[in-house]
Amino acid sequence: MSEMKNYTLNFGPQHPAAHGVLRLILELDGEVVERADPHIGLLHRGTEKLAESKPYNQSIGYMDRLDYVSMMCNEHAYVMSIEKMLGIKVPERAEYIRVMFDEITRIMNHLMWIGTHALDVGAMSVFLYAFREREALIDCYEAVSGSRMHATYYRPGGVYRDLPDKMPQYLDSKLRSKEKLEKINENRQGSLLDFIEDFAKNFPKSIQQYSDLLTDNRIWKQRLVNIAIVSPERAMQLGFTGAMLRGSGVEWDIRKNEPYSVYDQLDFEIPVGVTGDCYDRYLVRMEEMRQSTRIINQCVAWLNANPGPVMSDDHKVTPPNREDMKGDMESLIHHFKLFTEGYCLPEGESYTAVEAPKGEFGVYLVSDGANKPYRVKIRAPGFAHLAAMDEMAKGHMLSDVVTIIGSQDIVFGEVDR
Amino acid sequence: MKELKQKLSKAFGKKNVSESFNELTLNIKSEDVIEVCQKLKDDFQFEILMDLCGIDYLTYGESDWNGNASSSGFSRARQAQKSTNQKDQRFGVAYHLLSVSNNERLRVKALLSSENLMIQSVTKIWNCADWFEREAFDLFGILFENHNDLRRILTDYGFVGHPLRKDFPMIGEVEMRYDEELGRVVYEPVSIEPNVNVPRVIRK
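Numbering of residues starts from 1 in every chain and runs along the sequence as written. Here the convention is simple: chains get letters from A, ligands get numbers from 1, in the order in which they are written. A pLDDT threshold of at least 70 governs which residues receive local features in this predicted model, and a stricter bar of 80 or more applies before side-chain atom pairs are shown or counted, although totals over entire chains, interfaces and linings include all residues. As a rule here, side-chain values cover all heavy atoms of the structure and leave hydrogens and water aside.

**Student:** Explain the sheet that holds strand β1 (residues 17-20) of chain B to me, please; I cannot follow it from the model alone.
**Tutor:** Residue and element names in this part refer to chain B. At least two bridges found by DSSP between two strands is the condition for calling them paired. Numbering goes from the N terminus for both helices and strands, where a helix is a DSSP run of H or I of at least four residues and a strand is a run of E of at least two. Read from one edge to the other, the open sheet built from five strands follows the order β1-β2-β5-β4-β3, with strand pairing classed as mixed. Each end of this open sheet is capped by a strand with a single partner; those strands are β1 and β3 (48-56). Across this sheet, the average inter-strand angle for adjacent strands is 25 degrees, counted without regard to direction. Across nine bridges, strand β4 (residues 91-99) lies against strand β5 (residues 104-112) in antiparallel orientation. Across the sheet, residue His96 finds its bridge partner in β5, namely Arg107. The axes are straight lines fitted to the C-alpha atoms, using for helices just the contacting stretch, and the angles between their N-to-C directions are given from 0 to 180°.

If you want it as structure tokens, here you go:
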């Protein structure tokens, strides 16, 4: 028998477990990975170059399309960096709305992650359950911004509009009986906040459901425990952030360590892993969903009790009221100026980061005093995580590569930008 | 942060440390990058390199409304004006560091001239610099010395040029289509025209 030499396997870019357009060149010795070389850039759209050619406000929509499963968190980083450089203050109600939607986004992202991760590893049903809950959250996006994914809801100076008083309901249809319609509209009778409150009340039960399906599942544990162990020192060397860093036992969360928005007034905890394997990262993200639910509850209570403006009244940056525009010359000028030319940022540079569901999402803005950014650099958490693929996959089996991709929670919109 | 600023001023000279928007920047010479970064990691506990990126300062501070605007009408801004600037130190590399143990952040900046577009790689100090440096090489053409795998990363296989440079047109240089006669994909010069909808203005 002649001996088999190492061979190279091309994984992706069109592979359902590649979470998008990842092309992996794997050098295999039998079934053991010797070297993994991810080729990225297949989804490169030049977001940074595009942002440089547009006034600041027109790029908010591009931020949604970066990490397209945690849209509002990306917007938050971008909008915050503009606010920081302009030095404008955001009304407190807008801050609470932002934090509430950041956490809704975090849950949405983690539901997507748990669904696809479990699907990759071989558990079909979790996907269906996770997407059932995700649907309700997407409806919240729709209710507040009109769009189910790419919201463009955060604006420099606040949020685009206040929360709606009425939650949109399902309409009558030939496909649904009257009883069914009443049942699905049952929790949509009140305002958006009532709907979110109802969701947050029931969601811990759903998390328990996923947990029942996975946490003690023999196959799930065989596939995840002791796979891709990353020590805390290595995690920092590799530039990990978010759940990847916390899974390795480093207690670091921007929401706690460098609190932005109103996170310093909210009560929540940071879960930390012990061994730093895929299973720990799974447990960390599950607990994060529970903590997010806690934050949402606190925000709902605050928002119910404190009505007020949601947009700064600095009309150099935010559009004036439509009604004022009809009668007030200055408002008309502000409106015209804002939508034709935009606003200028002072000269300088700043780096602003938020704790996005995947890790630290940062925006480095360089302004030369113009109405367009001179340079926008987006620091995507997934970029650093994917770069560690080689180290994490080395010595593991081919099937573990799929587990690692799932555990890293890769989304190509942000990796390729 | 005050403490860090004092310590940095002591170690690297007061004029090199600046503060703006509540952030600290350390300006360094490009030849000193290894020495400074090693020191920052060992003595100042900056364990994580958050971000590394290139910047092209070619058109910095230039607006589209220069010259006699009133005689040329609106079309004056439809085309981005070509820069005639010759900057001595055209490129820059910015490093964003994070210290988990001290809860501090720092930006380190080094400027490079376009004649000698080379800087030492920091992959030995922070391993995650690998891909970030590849990206800066791909998008700006900055060469990182002693980087052991400096391939393009974001652009297509066989791509020519460095797209985030300011003299690289927004619409690109080539377009691609499938040629039925040749039976393969061919590259041709772009056929669309560049268009600026909102001109760049600087108001002081």
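Now, onward.
**Student:** Please explain helix α2 (residues 33-42) of chain B as it appears in this structure.
**Tutor:** At 3.6 residues per turn, the α-helix brings residues three or four places apart onto the same side. All names here are of chain B. Only protein chains enter the accessibility calculation, which uses a 1.4 Å probe. A residue is then buried if its area is under 20% of the maximum for its type, exposed if over 50%, and partly exposed in between. Every buried residue belonging to α2 is among Val33, Val36, Cys37 and Leu40, and all of these are buried. Considered in projection along α2, the buried side chains sweep an arc of 95 degrees and stay on one side of the axis. Considering only its buried residues, α2 is in contact with α1 (2-12), β2 (23-28), β4, β5 and β6 (118-120). The arc in question is the one spanned by the directions pointing from the helix axis to the C-beta atoms. Throughout, a contact is declared for two residues whenever any of their heavy atoms are within 4.5 Å.

**Student:** In this structure, what is going on with the side chain of Arg281(A)? I would like to understand it.
**Tutor:** Residues and elements named next belong to chain A. With respect to the helices and strands, the residue Arg281 is situated in helix α12 (residues 278-305). No salt bridge forms around the buried Arg281; measuring N to O, its nearest opposite-charge neighbour Asp277 is 6.6 Å away. Arg281 has contacts with Ile227, Ala228, Val230, Ala243, Met244, Gly247, Gly276, Met392 and Ser407, leaving out every residue within four places of it along the chain. We count Lys and Arg on the positive side and Asp and Glu on the negative side, and we leave His and both chain ends out. What makes a salt bridge here is a side-chain nitrogen of Lys or Arg within 4 Å of a carboxyl oxygen of Asp or Glu, nothing more.

**Student:** Would you mind showing me how to read the packing of helix α4 (residues 92-121) of chain A against helix α7 (residues 192-214) of chain A here?
**Tutor:** Angle between the axes and distance between the axes: these two values describe a pair of packed helices. All names here are of chain A. Look at α4 against α7: their axes get within 12 Å of each other, and the N-to-C directions meet at 30 degrees. With respect to α7, the axis of α4 lies roughly parallel. Crossing hand, α4 versus α7: left-handed. On α7, the residues that touch Met100, Phe101, Ile104, Ile107, Leu111, Ile114 and Ala118 of α4 are Leu192, Leu193, Ile196, Phe203, Tyr210 and Leu214. Here is the rule for angles: anything less than 35 degrees is roughly parallel, anything more than 145 is roughly antiparallel, 65 through 115 is roughly perpendicular, and the remaining ranges are oblique. A clockwise turn of the near helix away from the far one marks a right-handed crossing, whereas an anticlockwise turn of less than a right angle marks a left-handed crossing.

**Student:** What should I look at first to understand the pattern of salt bridges in this one?
**Tutor:** Oppositely charged side chains can pair when the atoms bearing their charge come close. Using the criterion set out here, one finds 43 salt bridges over all chains in the structure. The residue Asp37(A) makes a salt bridge to Arg151(B) at a minimum N-O spacing of 3.1 Å. You can see Asp37(A) sitting in strand β3 (residues 32-39) and its partner Arg151(B) sitting in the loop between β7 (143-145) and β8 (174-179), one on each of two chains. Note that Glu135(B) and Lys377(A) form a salt bridge whose closest N and O atoms lie 3.4 Å from each other. Separated into two different chains, Glu135(B) in helix α3 (residues 129-140) and Lys377(A) in strand β8 (residues 375-379) make up a pair that spans both.

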